[in-house]
Amino acid sequence: MRRSNSIKLLNNFKPSGPSNVLQTIPNPLYHLLPKTLNPNNIVNIICSSLKHHTHNNNTHFTLDINHLLPHLGPHEISRVLLRCQSDSISALTFFNWVKHDLGIKPTTQNYCFLLHILAWSKEFKNAMKFLLELVKDCSFNEDLFQSLVLCCQDCNWDPVIFDMLVKAYVIEGMIQRGFSTFMKTMEVGYVPSVISCNRLLNGLLKFKCFDQCWQVYIEMERVGIHPNSHTFNILTNVFCENGDVNKINDFLEKMEEEGFEPDIVTYNTLIGCYCRKSRLNDAFYLYKIMYRRNVLPDLVSYTALMGGLCREGKVREAHQLFHRMFHRGLNPDIVSFNTLICAYCKEGKMRESKSLLYQMIGSGICPDEVTYRVLVERYGKDGRIISALNLVVELERFGVPMGWDIYDYLLVSVCDENRPFAAKSLLERISPRGYAPGVDIYNKLIESLCNIDSVADALLIKAEMFCKNVRPNATTYKALICCLCRTSRSSEAESFMEEMLQSGMSPDTEICRAMIHMYCKERSVGKAETLLKFFAKEFDIFDTESYNTLVKTLCEDADTTKSMELQDRMLKVGFVPNRLTFRHVIRGLWKTMTVEKKTLLLE
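Residues numbered from 1 in each chain as written. Predicted model: local features only at pLDDT ≥ 70, side-chain atom pairs only at ≥ 80, totals over all residues. Heavy atoms only, no water.

As a further point, take the overall build of the protein chain. Counting secondary structure elements, the protein chain contains 33 helices and 0 strands. For the protein chain, the residues scored as buried account for 47% of the 603 residues in total. Contacts in the protein chain between residues at least 24 apart in sequence constitute 67% of all its contacts with a sequence separation of at least 6. Carbon and sulfur atoms make up 52% of the accessible area of the protein chain, which totals about 30,500 Å². (Helix = DSSP H or I, 4+ residues; strand = E, 2+ residues; numbered from the N terminus. Buried < 20%, exposed > 50% of the residue type's maximum accessible area, 1.4 Å probe, protein only. Contact = heavy atoms within 4.5 Å. Areas by Shrake-Rupley, 256 points an atom, 1.4 Å probe, with all protein chains shown as cover.)

Pasting the structure below:
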């Protein structure tokens, strides 16, 4: 559409009445001042300075009008920009000076005038830079399209600025505002480029706005914007993403009527879609059609088909297709290899997976995180964590960079198999490379060492945590305290218990049981009772098992009186006896009677 017609249509969006941009409010008293001190002359002085000073010398420029700077507001900035319409460099220099040197925040109108000047001068790179800046900074309710339209009446302008606005919104992820701007642009009669339409379609597809994709396409048809192959490929993706696979054939026929032959992107999109929908017959039908239409399948085509076969459990067929691709001169990439490796690992066929791994490395392709993670995790699932460790060592020799998370997995898995010294050895080997375990990894190692009662090594790990500024948590203390109790190291257990409480952490039922069992084992029933009361009063822990352990200890000593007195004291605290408690008491009474009877017989 001609620019003159666009101007007429844009007038529908303009308010009636004269523009407020060029208005001034003269004060008669200003005329009594010298010309260089008259605020009404600030625009003239700035424009004159821009012409006479070099664009890189802003120091002298500032000194010339330093006394007038308080009078430089948004209105004056716009007037200067309008006076620089034929000189985009001066306009840009002035705008940057105002924004960066003076620290004045330009208004939306100031930005819009600069954008029109830059677009008119074909300075599209700078125009997009400032447009993105404006889009990020504008409030949600501000209509930038309207602001740009309003500035058209006072400034040379190029309709391409509206294409650029749509692009800016898409780049910033403001898809709905981009769509709204596109529709408004169509309303005023400006016909966007097909590139702008495709960019918007891509953005709408990315955010799954499928209905709006078709609205854009309908508008394109209405105003005569001729789609290109990229347009049709995007819309093919819309069909696939939206699940309208059955309508694709009709759309392809329409595409061919428009004069476009499906290209490799179209076929790959459709093949990928059919494979994801488990329609392998349709996918392979397209694969054959490609050869008939002289569109040779590429790496993407084969990888999509291999993925579809693997999802159906047809890994051998996928591997055959892999060899066919190789023999046709296509070099597999990391995705192709990973597709097969993951499928074989899923079936537990580690020999085939490792063979592909070596083939990948031999082809000069470095395994990525997907490759080694799926292999290592499969070994772990099969209970072959040592094989996983050996694989990692082997990959390290090949120079494959490992992510720290894979070492986290290995350390946890080795500890879960109660191989703490293997885990400790691994940690010592990788720490010099920069690996820094977190508190969870340290806890796993401590727990594993405590499970085999290697408390000395566990304490060394705790000391290392302090050296590495890793703060122990409740899990750390629980593992150590329980192990110390189990190995009858009561003084150290008490010390760690005190350290834990001083650190602001609360014990739990497991710690309570461990300590009560330790005291009862040592026949320190007084300490056990005191601790049981402490846990109940301070932490609301009423553990019946710990209580019964204490009762059982007293009853085993045939001290029924103390046992009954204990129950009275514990009832006051809140402990309630259960069946097991009464069973221990009855056994204690029976034992007491037996002892007394033997004593009488001896007398």
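What follows covers helix 19 (residues 334-346). Its 13 residues give helix 19 an end-to-end C-alpha distance of 18 Å, which sits within 8% of 18 Å, the value for a rise of 1.5 Å per residue. Of the surrounding secondary structure, the elements contacted by the buried residues of helix 19 are helix 17 (299-311), helix 18 (315-327), helix 20 (350-362) and helix 21 (369-381). Immediately downstream of helix 19, the backbone of Gly348 shows phi near 80°, a positive value. (Expected span 1.5 Å × (residues − 1).)

Further remarks concern the pattern of salt bridges. With the rule as written, the count across this model stands at 33 salt bridges. In this structure, the salt-bridge partner of Arg486 is Asp453, at a minimum N-O distance of 3.0 Å. Of this pair, Arg486 sits in helix 27 (residues 474-486) while Asp453 is found in the loop between helix 25 (439-451) and helix 26 (455-467), placing the two residues 33 residues apart along the sequence. Arg486 gets classed as partly exposed once you look at its relative accessible area, which sits at 43%. We classify Asp453 as partly exposed; its relative accessible area is 37%. (Salt bridge = Lys/Arg side-chain N within 4 Å of Asp/Glu carboxyl O.)

Right, let's get into the side chain of Asp457. Counting through the fold element by element, Asp457 comes out in helix 26. Only 2.6 Å separates the side chain of Asp457 from the side chain of Ser454, close enough to count as a polar contact. If we ignore the near neighbours within four places in the chain, the residues touching Asp457 are Phe421, Lys424 and Leu449. (Polar contact = N/O pair within 3.5 Å; in protein donor to acceptor, adjacent residues only side chain to side chain.)

On the surface, Lys552, Arg579, Arg583 and Arg587 cluster together into a positively charged patch. In terms of residue count, helix 33 (residues 579-602) provides more of the positive patch than any other element does, 3 residues in total. Checked against the element boundaries, Arg579 lands in helix 33. Accessibility expressed as a relative area gives 74% for Arg579, which makes it exposed. (Patch = residues over 30% accessible without salt bridge, like charges linked within 9 Å, V, L, I, M, F, W, Y side chains within 5 Å. Lys, Arg positive; Asp, Glu negative; His and termini not counted. Charge placed at Lys NZ, Arg CZ, Asp CG, Glu CD.)

What follows deals with the packing of aromatic side chains. Evaluated as defined, the whole model comprises 22 aromatic pairs. Aromatic side chains Phe534 and Phe535 sit 6.2 Å apart centroid to centroid with 75° between the ring planes, which places their arrangement in the edge-to-face category. Classification of Phe534 as partly exposed rests on a relative accessible area of 32%. What makes Phe535 buried here is its relative accessible area of 0%. Ring pairing ties together the aromatic residues Trp214, Tyr217, Phe232, Phe239 and Phe260, which thus form one cluster. (Phe/Tyr/Trp six-rings, centres within 6.5 Å; stacked < 30°, edge-to-face > 60°.)

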